[in-house]
Amino acid sequence: MTRIVGAMGERLAVAVLASGRGSNLRAILDAARGDFPARVVLVVSDRDHALALQHAERAGVRAVCLDPKGFPDRAAFDAALGDLVDAAGARLVCLAGYMRLLGRAFVRRFEGRIMNIHPALLPAFPGLHAQRQALDYGVKIAGATVHFVDEGVDTGPIILQSSVPVLDDDTEEALSNRILVEEHRLYPEAIRLFALARLTIDGRRVRIARAS
Ligand code: GAR
């Protein structure tokens, strides 16, 4: 089945979910300050100390901490999260260092409208500590992936990827920083393509329409 995703017209409203430092959020906020077809309307974190919340506030974007401890189970947390996203009018949900798994109901509710960024060339090294996994495995090329989110862990259709070399003397930090440069470029680009309705999900493949 082929589905056209994204929406032409006014600037696309985006919600960003982030658990930590928020450098990808910052890259998105920076892009949105320029000539960009999307704007961030909401940032949600599951951790109240997340720097991401401060970045959002500084940019004048609504920042909400949703503490999982306040909910009886993941389904209740996810339902509240989904309601926040819908109430903000967001049409796209971007996971940017969001370290909680989203349940099936949330993924179905926003099907084809959730993106994630992962610091590896998927399908290699899904899950936690992708850069360390790459170093431990001994690959010579690593990278970053932006993909749509499905019900698996880092398994959804791939939108964009970019590679970086792994150097002989790399530490986890050095490799992570090299990958992060690519992440900050890729994520705004993927959002831009979605907002311009240039992405089509066709099974596992995401096709990118040429600019008209
Ligand atoms: C990024 O490297 C992102 O790719 C990774 O967490 C970091 C968040 O950094 N995400 C994952 O590993 C998800 N599996 P940031 O908070 O500075 O954007």
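See the structure shown above.
Residues numbered from 1 in each chain as written. Predicted model: local features only at pLDDT ≥ 70, side-chain atom pairs only at ≥ 80, totals over all residues. Heavy atoms only, no water.

## So, the overall build of the chain
Heads up, the rule is: Helix and strand labels come from DSSP, where a helix needs a run of H or I of at least four residues and a strand needs a run of E of at least two; each type is numbered from the N terminus. Our radius of gyration looks at C-alpha atoms and nothing else; its globule reference is 2.2 Å times the residue count to the power 0.38. Residue burial is assigned from relative accessible area. The probe radius is 1.4 Å, only protein chains are included, and a residue is buried under 20% of its type maximum, exposed over 50%, and partly exposed in between. Whether two residues are in contact is decided by their heavy atoms: any pair within 4.5 Å suffices. Residue-level accessible areas treat just the shown protein chains as cover; the underlying method is Shrake-Rupley with a 1.4 Å probe. The convention is simple: Lys and Arg are positive, Asp and Glu are negative, and His and the chain ends are not counted. The atom standing in for a charge is NZ when the residue is Lys, CZ when it is Arg, CG when it is Asp and CD when it is Glu.
Secondary structure assignment for the chain yields 6 helices and 10 strands. Against the compact-globule benchmark of 17 Å for 212 residues, the chain has a radius of gyration of 17 Å, which places it among compact chains. Expressed along its principal axes, the backbone C-alpha trace of the chain runs to roughly 50 × 45 × 35 Å. By residue count, 49% of the 212 residues in the chain fall in the buried class. In the chain, the share of contacts with a sequence separation of at least 24, taken over all contacts with a separation of at least 6, comes to 65%. Roughly 10,700 Å² of accessible area belongs to the chain as shown, and the carbon and sulfur atoms make up 52% of that amount. Here the chain contributes 27 positively and 25 negatively charged side chains, and the mean placements of these two sets differ by 5 Å.

## A short note on the site of the ligand
Rules: Here, proximity means that at least one heavy atom of the residue falls within 4 Å of the molecule or strand. Throughout this description, a polar contact denotes any pair of N or O atoms lying within 3.5 Å of each other; where both atoms belong to protein, one of them has to be capable of donating a hydrogen while the other can accept it, and for residues adjacent in sequence the pair is counted only when both atoms sit in side chains.
As a structural note, the neighbourhood of the ligand is formed by Arg-21, Gly-22, Ser-23, Asn-24, Gly-97, Met-99, Ile-117, His-118, Pro-119, Gly-127, Leu-180 and Glu-183. Contact between the ligand and Gly-22: an oxygen atom at 2.8 Å from a main-chain N or O atom of the residue. Residue Glu-183 places a side-chain N or O atom 2.8 Å away from an oxygen atom belonging to the ligand. In the complex, 90% of the free accessible area of the ligand, which totals 450 Å², lies under the protein chains.

## Focus on the nonpolar core
Selection criterion: Residues grouped as a nonpolar core are buried Ala, Val, Leu, Ile, Met, Phe, Trp, Tyr and Cys residues, joined through side-chain atoms within 4.5 Å.
Ranked by internal contacts, the top residues of the largest apolar core, which has 45 residues, are Met-115, Ile-159, Tyr-187 and Ile-191. Of all hydrophobic cores here, the second largest spans 22 residues; its members include Ala-15, Ala-90, Ile-114 and Val-149.

## What about the environment of Ser-176?
Mapped onto the elements, Ser-176 comes out in helix H6 (residues 172–195). Given a relative accessible area of 17%, Ser-176 falls into the buried group. Note: C-alpha distance between Ser-176 and Phe-77 (99 residues apart in sequence) is 30 Å.

## Some points on the environment of Tyr-187
By the secondary structure assignment, Tyr-187 is in helix H6. Along the sequence, Tyr-187 and Ala-27 sit 160 residues apart, while their C-alpha atoms lie 7.9 Å from each other. Leaving out residues up to four positions away in the same chain, Tyr-187 has contacts with Asn-24, Ile-28, Cys-94, Leu-95, Ala-96, Met-115, Asn-116, Ile-117 and Val-146.

## Describing the packing of helix H1 (residues 23–33) against helix H2 (residues 51–58)
To be explicit about the condition: To obtain each axis, a line is fitted to C-alpha atoms, and for helices this fit is confined to the stretch in contact; angles are then taken between N-to-C directions over 0 to 180 degrees. Our angle categories are set so that under 35 degrees counts as roughly parallel, over 145 as roughly antiparallel, 65 to 115 as roughly perpendicular, and the remainder as oblique. Should the near helix be turned counterclockwise from the far one by less than a right angle, the crossing is left-handed, whereas a clockwise turn marks it as right-handed. Classification convention: Asp, Glu, Lys, Arg as charged; Ala, Val, Leu, Ile, Met, Phe, Trp, Tyr, Cys, Pro as nonpolar; all other residues, Gly among them, as polar.
With their axes 9 Å apart at the nearest point, H1 and H2 run at an angle of 15° to one another. The angle between H1 and H2 places the two elements in the roughly parallel class. Remark: the crossing between H1 and H2 carries right-handed chirality. Residue-level contacts link Leu-25, Arg-26 and Leu-29 of H1 to Ala-52, His-55 and Ala-56 of H2. The residue makeup of the contact of H1 with H2, split by class, is 4 nonpolar, 1 polar and 1 charged.

## Thoughts on H6
Since the α-helix turns once every 3.6 residues, residues separated by three or four places project in the same direction. Just so we agree on the cut-off: To estimate how far a helix should reach, multiply one less than its number of residues by 1.5 Å.
With 24 residues, H6 should reach 34 Å at 1.5 Å per residue; the first-to-last C-alpha distance of 34 Å fits that figure. Backbone geometry just downstream of H6 places Ala-197 in the positive-phi region, at approximately 60°.

## Describing the pairing of strand S6 (residues 114–118)
Applicable threshold: Note on pairing: two strands pair once DSSP finds at least 2 bridges between them. Crossovers are described as right-handed under a simple rule: with the strands pointing away from the observer, the path leading from the first strand over the helix to the second runs clockwise.
Counting buried residues in S6 gives 5 out of 5 residues, a clear majority hidden from the surface. Here S6 shows two buried faces, one formed by Ile-114, Asn-116 and His-118 and the other by Met-115 and Ile-117. Here strand S5 (residues 92–95) runs beside S6; their pairing, made up of 3 bridges, is parallel. Each residue of the ladder has a partner; that of Val-93, found in S6, is Ile-114. Note that the unit made of S5, helix H4 (residues 104–109) and S6 has a crossover that is right-handed.

## Some words on the environment of Ala-50
The topology assignment puts Ala-50 in the loop between strand S3 (38–45) and H2. Put simply, Ala-50 and Ser-19 are 31 residues apart on the chain and 5.8 Å apart in space, counted from C-alpha to C-alpha. With sequence-adjacent residues up to four places away left out, Ala-50 is seen in contact with Ser-19, Gly-20 and Ser-45.

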